[in-house]
Amino acid sequence: MELREVYLDYSATTPVKDEVLQEMLPFFSERYGNASSLYTPGLDAKRAIDHAREQVAQLINATPTEIFFTGGGSESDNWVLYGVAEKLKNKGNHIITTVEEHHAMLHTAEFLEKQGFQITYVGIDSDGRIDLDEFRNAFTDKTILASVMLVNNEIGTVHPIKELASIAKEKGVYFHTDAVQGLGNVPIDVVDMGIDFLSMSAHKIYGPKGVGALYVKKGIQLPSFIHGGAQEMGRRAGTENVPGIVGFGKAAELAKNNFDEHVKHCSQLRDYLADRIINEIPHSFINGTMEDRHPGNLNVTFEYIEGESILLLMDSRRVCVSTGSACSSKSLKPSHVLDALGVSDELIHGTVRFTVGDFTTKEDIDYVVENLKEVVAWLREVSPLGPYKGWK
Ligand SMILES: *Cc1c(COP(=O)(O)O)cnc(C)c1O
């Protein structure tokens, strides 16, 4: 079969769309002003940032003054946790989150635990869903923040953020959601959903890397995370990444305008991939529910073999997929999300995440499935495990 480059790891990052790149380019060269300068090129940069702030705000139904640009999703997550901990430490020291958050949340929460904060990690069921009663019962009179991700990055589960946020509101507690995977993939309306803080990242929606934003609901004074100049309304110092912010703005505008088409395109290809894998590759199964799922996400366990071996052999055929999450593929620790789902360590090791996006085609999926069939059959032939031992 002729080699074909196929990228099926859109949840790790996305290519920058050409329209986005074209908007960014002048801000590296002729429009290089510092947005804090008062002469014309400075005002030009400031206007470009203001425009991007409107574009990002519109994607989530916020107002521009509620959007603070950051250095990405991880920074936004860190800022909320440290910021709320600092602001409310005299009120309480208890934070609620879940076992399946991104490491940007989990490792920050663990760091706060070492500073004396108490963290409750709400579990997920075998479909990847959060039990609303378990969440409700986790609140104490010391709780200062509840945080649940909108969409899980490994198995794609979409959580009922509106319900979760309203429980937090009943308890008088701030609610944050890490919406990095949800942005552009599920509808987000911060007003309707009752969200106080929401983390975003540009590079998961066809924008550049190293830029993101935190939505902070009007009226909440979140302490600064980076101290220095007066940028970002005095809350996040440092000369703005103007090209990055402009790119994020354009990517947000495209995500809003192309939303229906994007969701339809991704979910059709994802479902086609799922059907072909399940029907054509024996002993494979999907992790997580197919309802309320990220439109581009498919997470599959192939029994008796190693996901890492699949990844490497698929890479030699020019196909990019990942095992669990990008961060955990560098360590041997089995995915904390699949572990929380109740998947055994052995099966976790046989798990591959496929995520499709706007540039994926049906021909790409056919190429991936044909190659996957060969790779899986070959690995099973040489595997010491299961019924395929010595199998032809
Ligand atoms: C990618 C991702 C992040 C981190 O965003 P960066 O911009 O890469 O720092 C945080 N949370 C989730 C759910 C993600 O998928």
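Everything below is about the structure printed above this text.
The text that follows walks through the structure, step by step, so that each part is easy to find. Note that the structure is a prediction, hence the values are computed from the model and not measured. (Residues numbered from 1 in each chain as written. Predicted model: local features only at pLDDT ≥ 70, side-chain atom pairs only at ≥ 80, totals over all residues. Heavy atoms only, no water.)

A sheet is described by the order of its strands in space; here seven strands give the open sequence β2-β8-β7-β6-β5-β3-β4, paired in mixed fashion. Looking along the sheet, the strands with just one partner apiece sit at the ends: β2 (67–70) and β4 (118–122). Each neighbouring strand pair of the sheet contributes to a mean axis angle of 20°, computed without reference to strand direction. Across five bridges, strand β3 (residues 94–98) lies against β4 in parallel orientation. Paired with Ile95 across the two strands is Ile119, which belongs to β4. (Pairing = 2+ DSSP bridges. Helix = DSSP H or I, 4+ residues; strand = E, 2+ residues; numbered from the N terminus. Axes fitted to C-alpha atoms, helices over the stretch in contact; angles between N-to-C directions.)

Moving on, we get to the sheet that holds strand β10 (residues 297–302). On the basis of which strands lie adjacent, the open sheet formed by three strands has the order β9-β10-β12 and antiparallel pairing. Edge positions in the open sheet fall to β9 (284–286) and β12 (351–355), since each of these has one partner strand only. With strand direction ignored, the average angle separating the axes of adjacent strands in the sheet is 30°.

This next bit is on helix α10 (residues 259–280). An ideal rise of 1.5 Å per residue puts 32 Å on 22 residues; α10 measures up with 31 Å between its terminal C-alpha atoms. Every buried residue of α10 is accounted for by Phe259, His262, Cys266, Ser267, Leu269, Arg270, Leu273, Ala274, Arg276 and Ile277. Packing partners of the buried residues in α10 comprise α9 (242–257), β9, β10, β12 and α14 (362–382). (Expected span 1.5 Å × (residues − 1). Buried < 20%, exposed > 50% of the residue type's maximum accessible area, 1.4 Å probe, protein only. Contact = heavy atoms within 4.5 Å.)

The full set close to the ligand counts 13 residues, and Ser74, Asp178, Gln181, Ser201 and Lys204 are the nearest of them. At a separation of 2.8 Å, an oxygen atom of the ligand approaches a polar side-chain atom of His203. Measuring from an oxygen atom of the ligand, one finds a side-chain N or O atom of Lys204 at 2.7 Å. Considered on its own, the ligand offers 380 Å² of accessible surface; in the complex 87% of this is hidden by protein. Per-element tally for the shell around the ligand: the top contributor is helix α3 (residues 73–88), with three residues. (Near = heavy atom within 4 Å. Polar contact = N/O pair within 3.5 Å; in protein donor to acceptor, adjacent residues only side chain to side chain. Areas by Shrake-Rupley, 256 points an atom, 1.4 Å probe, with all protein chains shown as cover.)

This part takes up the layout of surface pockets. Size it by volume and the second largest pocket reaches roughly 250 Å³. Along the wall of the second largest pocket there are 14 residues; nearest its centre are Ala35, Lys46, Gln231, Glu232 and Glu240. Going through the elements one at a time, α2 (40–59) and α8 (231–234) are the ones with two or more residues in the lining of the second largest pocket. Of the residues contributing to the lining of the second largest pocket, the split by class is six nonpolar, three polar and five charged. (1 Å grid on protein atoms, 1.4 Å probe; cavity = no way out; pocket = protein on both sides within 12 Å on 5 of 7 lines; lining within 4 Å. Points joined across faces, edges and corners; volume = space filled by probe spheres on them. Nonpolar A, V, L, I, M, F, W, Y, C, P; charged D, E, K, R; others polar.)

Right, let's talk about unusual backbone geometry for a bit. One non-glycine residue, Asn61, lies in the positive phi region at around 55°. As for its placement among the helices and strands, Asn61 is situated in the loop between α2 and β2. Positioned with a positive phi, Glu232 is a non-glycine residue whose angle comes to about 50°. With respect to the secondary-structure elements, Glu232 resides in helix α8. For Glu232, a relative accessible area of 4% translates into the label buried.

This brings us to the packing of aromatic side chains. Using the criterion set out here, one finds 10 aromatic pairs in the structure. Plain terms: the ring middles of Tyr10 and Tyr206 are 6.0 Å apart, the flat faces sit at 55° to each other, and that makes the pair tilted. Of this pair, Tyr10 sits in the loop between β1 (6–7) and α1 (18–24) while Tyr206 sits in the loop between β7 (197–201) and β8 (212–216), and the two are 196 residues apart along the sequence. Here Tyr10 and Tyr206 have matching classes, each one buried. An angle of 85° between the planes, with centres 5.3 Å apart, marks the rings of Phe135 and Phe139 as edge-to-face. The pair formed by Phe135 and Phe139 is uniform in burial state, with each residue classed as buried. (Phe/Tyr/Trp six-rings, centres within 6.5 Å; stacked < 30°, edge-to-face > 60°.)

All we've got here are geometric facts, nothing functional implied.
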